[in-house]
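# Residue-level structure breakdown
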Amino acid sequence: MDTQTPPDLPASVSRWRTLGPRALSGVLAAAVALGIGELAAALLGMSESSPFFAVGATTVDRSPAWAREFAISTFGTNDKPALFIGMSLLIVALAAVAGTLEGTHRPAGSALFLAFGVVGGYAALTRPGATAVSVLPTAIGVAVGIVLLRVLTARARSLEEPTVHASAMTRRRFLALAASAAAAAAAAGAIGRQLAQKASGAVANRMSFRLPSVLATNRSRPIAAGTDIAVPGSTPFVTENDGFYRIDTALQVPLLTTEDWSLRIHGMVDRDRTLRWSDLMRRTAIERTVTLTCVSNEVGGTLAGNATWVGYSIKDLLDEVGVHPDADMLLSRSVDGFTVGTPLAALRDGRDAILAVAMNGEPLPFVHGYPVRQVVPGLYGFVSATKWVVDWEVTRFDRAQAYWTQRGWAEQAPIKTASRIDVPASFARVAEGDVLVAGTAWAQQRGIARVEVRVDDGPWRDATLAVEYSIDTWRQWTYRWTATAGNHTLQVRATDQDGEVQDERRAEPIPAGASGWHTRTVAVI
Ligand SMILES: Nc1nc2c(c(=O)[nH]1)N[C@H]1C(S)=C(S)[C@@H](COP(=O)(O)O)O[C@H]1N2
Ligand SMILES: [Mo]
């Protein structure tokens, strides 16, 4: 090697000249493989089988409970971009190794690519609803990737030959090929994504969706004056769809049309039944305002949102199919295979459990479950709020386990009483004197009776509650504080309408929801 080094070049530069093009070859070949895999998946009408998404989805499903907790507490609702970035970095690193290996120990790099193909193919084959052909996008992508890896690394090697070492021509040819590969990878990926969306027809279907009309008697109660006290910076009573938290395991948002949609009801029932969209539309629509909460919400966290939903009674549907008396769980399944176990008792006790089709006057956004999702007041989302729901199995908790329960989360998970300080903001600096403290509190199904605030471990003082909308929605509160200069700690706690004070003991979200009192530090100047 060293004999090829021109005397004026330090060894590190020459090593970089050799390794750089090889590593780049590997990375580009992998990018093309993934882009082609994406495109092939779209053209074959199986976008869930693209190697990148199949591996990502499998990673999500196979990761242990602590990993989900870590991801959500670290990245919040950006957990998906974080996963994509992490995967991409790992792929770049491995592909660079493959390119380097292919240069020195041909065909070791190709073999490594083949190994990635096996991993991707295995992931695609084991996704819910996969068949033998699900492996095709990965196989095609990897085949193209290996050919390109060989061509590129051969070119990269020719750059290193002493006779042409300085040849600008060779270098230009390599760079031109590399640039074309990068462009091809980006184009194939982007076109694949576009095609997948278009082909589903779901975007057009959602645009032509007509909101069901709701009889006056089935409307949600109007929001009375004094419910939404709109302190700047505090949580609005109704959460806009765009700002509504999103939590799910779906790396590719399912794109269903109302025509594709159906709900199969089976298991411990007298009559199996499959409900089509037209069957749903013939039913009586009801409108309800309900606050959803995620079990992963930390004390003081923002994984909760309040919306006005239009949907159809879950209880009525269950009554019609004749639930067996010894059944106690509804195992609902999303089109992507995610499952939720909900106590039948909660669905049938008269609370407003609905199959929702609209959210704040719009068809459900795709990320929130278009065309149909469940909304059940009082239960954390992972045991109640199935999005893209297509299957209901009436069963028993001792016979079936839902997705998160299999991963260490609770079977039963009623929402815990919680309260949060929104204003002043975290580590805010406020002026001495009259300071308005504001926030929200929730105890779905029980209702908020009282909110108290204390400063620096002083006595608890009653906050002023906003007008209550219902026991199923959060309730805003304010507190007037005469602030003195210095650093202060504000703390809040709520009491529900059963007289139960919010649990002071700190608990992690896993297995059944966080508890503890929210505190906030404020600098008064
Ligand atoms: N299909 C599907 N439905 C799902 C989930 C999911 O991962 N997949 N996550 C659940 C969880 S954990 C919560 S908190 C709510 C969140 O609903 P949102 O994203 O509309 O706020 O959806 C629930 N429904
Ligand atoms: Mo959740």
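About the thresholds
Residues numbered from 1 in each chain as written. Chains lettered and ligands numbered in written order. Predicted model: local features only at pLDDT ≥ 70, side-chain atom pairs only at ≥ 80, totals over all residues. Heavy atoms only, no water. Helix = DSSP H or I, 4+ residues; strand = E, 2+ residues; numbered from the N terminus. Buried < 20%, exposed > 50% of the residue type's maximum accessible area, 1.4 Å probe, protein only. Contact = heavy atoms within 4.5 Å. Areas by Shrake-Rupley, 256 points an atom, 1.4 Å probe, with all protein chains shown as cover. Pairing = 2+ DSSP bridges. Axes fitted to C-alpha atoms, helices over the stretch in contact; angles between N-to-C directions. UniProt positions renumbered as here; feature names shortened; annotations may be inferred. Salt bridge = Lys/Arg side-chain N within 4 Å of Asp/Glu carboxyl O. Phe/Tyr/Trp six-rings, centres within 6.5 Å; stacked < 30°, edge-to-face > 60°. Lys NZ or Arg CZ within 6 Å of the ring centre and 35° of its normal. Polar contact = N/O pair within 3.5 Å; in protein donor to acceptor, adjacent residues only side chain to side chain. Near = heavy atom within 4 Å.

Labelled according to an unreviewed UniProt entry, the chain appears under the name Molybdopterin-dependent oxidoreductase, originating from Gordonia defluvii.

### Details of the overall build of the chain
Along the backbone of the chain there are eleven helices and 19 strands. By its C-alpha atoms, the chain is 85 × 70 × 40 Å across when sized along the principal axes. Among the 525 residues that make up the chain, the fraction classed as buried is 52%. A fraction of 75% describes how many contacts in the chain between residues 6 or more apart in sequence connect residues 24 or more apart. Summed over all atoms, the accessible surface of the chain reaches about 23400 Å², with 58% contributed by carbon and sulfur.

### A short note on the sheet that holds strand 5 (residues 329–334)
Strand order in the open sheet formed by five strands is 2-1-10-5-6, with mixed pairing between adjacent strands. Looking along the sheet, the strands with just one partner apiece sit at the ends: strand 2 (273–276) and strand 6 (339–343). Within the sheet, the average angular offset between the axes of one strand and its neighbour, ignoring direction, is 20°. Here four bridges tie strand 1 (residues 262–267) to strand 2, and the two strands are oriented antiparallel to one another. Of the residues in strand 2, the one forming a bridge with Ser262 is Arg276.

### Let's talk about the UniProt feature "transmembrane region" (unreviewed entry) in the chain
As recorded in UniProt, the feature "transmembrane region" (unreviewed entry) lies at residues 23–44, 82–101, 108–125, 131–153 and 174–192. Across residues 82–101 one finds 100% helix and 0% strand; the C-alpha atoms that close the span lie 29 Å apart. Across residues 174–192, helical content stands at 100% and strand content at 0%; the span's end C-alpha atoms are separated by 27 Å.

### A closer look at the pattern of salt bridges
Within the structure shown, the criterion is met by 26 salt bridges. Between Glu102 and Arg150 there is a salt bridge; the shortest N-O distance is 3.2 Å. Here Arg150 lies in helix 6 (residues 136–160) and Glu102 lies in helix 4 (residues 79–104), a separation of 48 residues in the sequence. Residue Arg450 pairs with Asp462 through a salt bridge whose shortest N-O separation is 2.7 Å.

### Quick look at the environment of Thr284
With respect to the helices, strands and loops of the structure, Thr284 is situated in the loop between helix 9 (277–281) and strand 3 (285–293). Taking the C-alpha atoms as reference points, Thr284 and Leu83, 201 residues apart in sequence, are found 41 Å from one another.

### Describing the packing of aromatic side chains
One pass over the full model with this rule turns up 18 aromatic pairs. For the pair Phe209 and Tyr370, a centre-to-centre distance of 5.8 Å together with 65° between the ring planes defines the contact as edge-to-face. Taken together, the residues Phe209 in the loop between helix 8 (202–207) and strand 1 and Tyr370 in the loop between strand 8 (362–363) and strand 9 (373–375) connect sequence positions 161 residues apart. Here Phe209 matches Tyr370 in class, with each residue buried. With a centroid separation of 6.3 Å and an interplanar angle of 70°, the aromatic rings of Trp404 and Trp409 are classed as edge-to-face. Pair check on accessibility: Trp404 and Trp409 agree, each one buried. Here the basic side chain of Arg221 rests over the ring of Tyr469, its NZ or CZ set 5.5 Å away from the ring centre. One Lys or Arg, Arg407, reaches over the ring of Tyr403 and ends 3.6 Å from the middle of that ring.

### Looking at the UniProt feature "domain: Oxidoreductase molybdopterin-binding" (unreviewed entry) in the chain
Mapped onto the present numbering, the UniProt feature "domain: Oxidoreductase molybdopterin-binding" (unreviewed entry) falls at residues 251–404. Taken end to end, residues 251–404 comprises 12% helix and 38% strand; its first and last C-alpha atoms sit 17 Å apart.

### A word on the environment of Gln497
Structurally, Gln497 can be placed in the loop between strand 18 (486–496) and strand 19 (518–524). For the pair Gln497 and Glu240, spaced 257 residues apart in sequence, the C-alpha to C-alpha distance is 28 Å. Looking at Gln497, its side chain comes within polar contact range of the side chain of Glu468, at 2.7 Å.

### As for the site of ligand 1
Of all residues adjacent to ligand 1, which total 17 residues, the nearest are Tyr245, Thr249, His368, Arg373 and Lys387. The side chain of Lys387 places a nitrogen or oxygen atom 2.5 Å from an oxygen atom of ligand 1. Relative to its free-state accessible area of 530 Å², ligand 1 is covered by the protein chains to the extent of 99%.

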